[in-house]
Amino acid sequence: MTKIWEVYLYALIPVISILLGGITGIFKKPSGAFRSSVLHFAAGVVFSVVVVELLPDIIKNHKPIEVAIGFSLGIITMLVVKFFAEKFEIKAEENKKESVLPMGLLIALGIDLAIDGLLLGVGFAAGNTEGILLSVALALETFSLGLAVVLACADANLTKQKNLLILLVLGLTFFIGAIIGITMLAGLSQEILELVLSFGLAALLFLVTEELLTEAHEEKETLLQTSMFFVGFLIFLLIGMIV
């Protein structure tokens, strides 16, 4: 089996995982406390991805100009996304719609999953063992994100089919990112790769601070819900150490 087909197969593991996480949320009506716990956990996992996977690669290359440009572009992009997402939500409310999709969260998650897919592709470019372990680790992240998506969209009263469609689109985003990672990023110059990784760094930090944790804090928190952020961070940190 060629390496690229191995990527295809292993990239499907996180895709299946995000679907399973979403289906869990669709057919099991969780409490507000459970919703907050999942969102905290997902935020912890994503933040751990930043620390374990992205930052070491970015720092070791010592290219501050490219990092500054990529990070700035990432922040500007996410701020623009948030601005238009909020305008969309306000316009929908003015049109007497009872609820709207959290577009800012969904777009941020889409960017997150695309970056995760790129990381998986780069991981396989570095070696089969690294790629396989990273695929398993990302499956943990995507399961929690899939569940978080369904819970965050609960107020929109979507049908099961629409929820599944959103999950499929997000899963496809991850899969495409993985294919691009193995076929294109491996051949990019170090400077361009640094721009891409820095852009992803900014997007993931924005996702954690402005979307996942913001959604999580809408519920009344207990110490248990707060601790789930650190549980998610620790689990991916330990898996990253193995990888």
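Residues numbered from 1 in each chain as written. Predicted model: local features only at pLDDT ≥ 70, side-chain atom pairs only at ≥ 80, totals over all residues. Heavy atoms only, no water.

Selection criterion: UniProt positions are given in the numbering used here, feature names are shortened, and annotations may be inferred rather than shown by experiment.
Under an unreviewed UniProt entry, the protein chain has the name ZIP family metal transporter and belongs to Parasediminibacterium paludis. Check the Sequence similarities (unreviewed entry) section of the UniProt entry for the protein chain; it says "Belongs to the ZIP transporter (TC 2.A.5) family." Turning to the protein chain, the UniProt annotation filed under Subcellular location (unreviewed entry) states: "Cell membrane".

## Comments concerning the overall build of the protein chain
As a reminder, the rule being used: Only DSSP runs of H or I covering at least 4 residues are called helices, and only runs of E covering at least 2 are called strands; the numbering of each starts at the N terminus. Buried means the residue's accessible area, taken with a 1.4 Å probe over protein chains only, is under 20% of the maximum for its type, while exposed means over 50%, and partly exposed covers the values in between. What makes two residues a contact is simply this: any of their non-hydrogen atoms within 4.5 Å. Residue exposure ignores everything except the shown protein chains as possible cover, and the areas themselves are Shrake-Rupley values with a 1.4 Å probe.
Within the protein chain one finds eight helices and zero strands. The burial tally for the protein chain puts 46% of its 243 residues in the buried class. When contacts within the protein chain are restricted to residue pairs at least 6 apart in sequence, those whose partners lie at least 24 apart make up 89%. Total accessible area on the protein chain is roughly 11800 Å²; 71% of this is exposed by carbon and sulfur atoms.

## Section: the UniProt feature "transmembrane region" (unreviewed entry) in the protein chain
When the UniProt feature table is mapped onto this chain, "transmembrane region" (unreviewed entry) is found at residues 7-27, 39-59, 65-85, 105-126, 132-152, 164-186, 192-210 and 222-242. Strand forms 0% of residues 39-59 and helix 100%; the C-alpha atoms that close the span are 28 Å apart.

## Regarding the pattern of salt bridges
Going by this rule: Whenever a carboxyl oxygen of Asp or Glu lies within 4 Å of a side-chain nitrogen of Lys or Arg, that contact is scored as a salt bridge.
Overall, the coordinates contain one salt bridge when judged by the stated rule. Here Glu191 ties to Lys63 by a salt bridge, and the two come within 3.3 Å at their closest N and O atoms. Within this pair, whereas Glu191 is found in helix α7 (residues 190-216), its partner Lys63 is found in the loop between α2 (32-60) and α3 (64-94), the two being separated by 128 residues in sequence. By relative accessible area, which is 33% here, Glu191 ends up partly exposed.

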